[in-house]
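Architecture and fold: a report
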Amino acid sequence: MLTFHHLNDSRSQRILWLLEELGLPYEMKRYQRDAVTRLAPPELTAVHPLGKSPVITDGDIRIAESGAIVDYIIRRYGKGAMMPAPGGAEYEAYNGWLHYSEGSAMLPLMLNLYVSRLKEAGAPLHPRIDSEMANHLGYVDGALKGREFFVGPALTGADIQMSFVGEMAKVFDKLGPYPNLAAWLSRMHARPAFQRSVEKGGAYRFSK
């Protein structure tokens, strides 16, 4: 059975959502952020040296990166669901979104988070950060035009992996100019499996 290490209010929520979508049995171990620093507890370093979440263990396999976890769970346990068949254009698009989420889209969003904490000292950086956020969110919004999901006619791991991008943009109140992304995120949050993931994982501020 998979063991899933879940940190509240983190990227690990999307792994919990994936597990619920697939209806897989799993053991969940919970970790809580420090109420003041918002950092993960030191106990997570016993699971992985980086002390970050999500992490899964499956027998002697341990995986710590969200995209790698999504890919592994779907390939190992999806029974052909939630990913296009390898070898075609849809599979390559799917694989691209898995990497794009953390490799490109999250960078300006995380910079916005950290630089905002600098208050006035960070003001000179905001025009460039805002430009990059608009660039990426505009790209994502365009990719969703006329589409219910990122790839193909049904939910895939691409939607799971991209969910945190939409959620962070919503927290920063950046979704207004991007109706396709906003509507897609609302559809994802309305899914019964996502709702179950919040019930099981605990309050998730990014789903508000």
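Up top is the structure.
Worth saying up front: this structure is predicted, and the values here are computed from it rather than measured. Per chain, the residues get numbers from 1 upward, laid out in the order the sequence is written. Local features in this predicted model are restricted to residues of pLDDT 70 or higher, and side-chain atom pairs are both shown and tallied only at a pLDDT of 80 or more, whereas totals for entire chains, interfaces and linings draw on every residue. Neither water nor hydrogens contribute to the side-chain values; these are computed over all heavy atoms in the structure.

**Describing the overall build of the protein**
- By definition, any uninterrupted DSSP run of H or I lasting at least four residues is a helix, any uninterrupted run of E lasting at least two residues is a strand, and each is numbered from the N terminus. Looking only at helices and strands, one finds 7 helices and 4 strands in the protein.
- Along the protein, helices and strands appear, N-terminal first, in the series β-α-β-β-β-α-α-α-α-α-α.
- A radius of gyration in this sense is built from C-alpha atoms; the matching globule rule multiplies 2.2 Å by the number of residues raised to 0.38. In terms of C-alpha radius of gyration, the protein reaches 17 Å, essentially the compact-globule figure of 17 Å for 208 residues.
- For the protein, the spread of C-alpha atoms along the three principal axes comes to 50 × 45 × 30 Å.
- Remark: exposure states derive from per-residue accessible area (1.4 Å probe, protein chains only) relative to the maximum for the residue type, with buried under 20%, exposed over 50%, and partly exposed in between. A burial count over the protein gives 49% of its 208 residues as buried.
- A contact between two residues is defined here by any heavy atoms of the two lying within 4.5 Å. Long-range pairs, those at least 24 residues apart, make up 66% of the contacts in the protein between residues at least 6 apart in sequence.

**Topic: the sheet that holds strand β1 (residues 2-7)**
- At least two bridges found by DSSP between two strands is the condition for calling them paired. Strand order across the open sheet formed by 4 strands is β2-β1-β3-β4, with mixed pairing between neighbours. The outermost strands of the open sheet, each flanked by one partner alone, are β2 (26-31) and β4 (61-63). Averaged over all neighbouring strand pairs, the angle between strand axes comes to 15°, with direction disregarded.
- Where β1 meets β2, 6 bridges bridge the pair, whose relative direction is parallel. Across the sheet, F4 pairs through a bridge with M28, a residue of β2.
- What counts as an axis is a line fitted to C-alpha atoms, over the stretch in contact for a helix, and the angles between N-to-C directions run from 0 to 180 degrees. Seen against the sheet, helix α1 (residues 12-22) touches β1, β2 and β3 (55-58) and runs at an angle of roughly 140° to β1.
- Those strands touched by helix α2 (residues 66-77) are β1, β3 and β4, and its axis lies near 30° from that of β3.

**Here's the deal with the packing of helix α3 (residues 89-116) against helix α4 (residues 126-143)**
- Two numbers describe how α3 lies on α4: the axes approach to 10 Å, and their chain directions differ by 145°. Note that α3 runs across α4; the crossing there is left-handed. Across from W97, Y100, S104, A105, P108, L109, L111, N112, V115 and S116 in α3, the residues of α4 making contact are H126, I129, D130, E132, M133, H136, Y139, V140 and A143.
- Think of it as three bins: nonpolar holds Ala, Val, Leu, Ile, Met, Phe, Trp, Tyr, Cys and Pro, charged holds Asp, Glu, Lys and Arg, and polar takes everything else, Gly as well. Across the contact of α3 with α4, the residue classes break down as 12 nonpolar, 5 polar and 2 charged. It is the rotation of the near helix from the far one that decides the hand of a crossing: anticlockwise by less than a right angle makes it left-handed, clockwise makes it right-handed.

**A short note on the environment of A64**
- Take A64: it is sitting in the loop between β4 and α2.
- Owing to a relative accessible area of 24%, A64 belongs among the partly exposed residues under this scheme.
- In this structure the C-alpha to C-alpha distance between A64 and R187, which are 123 residues apart in sequence, comes to 27 Å.
- Other than its neighbours up to four places away in sequence, A64 contacts H48, P54, V55 and I69.

**Remarks on α1**
- Of all 11 residues in α1, 10 are buried, a share of seventy percent or more.
- Of the residues flanking the end of α1, it is G23, one or two places downstream, whose phi is positive at about 65°.

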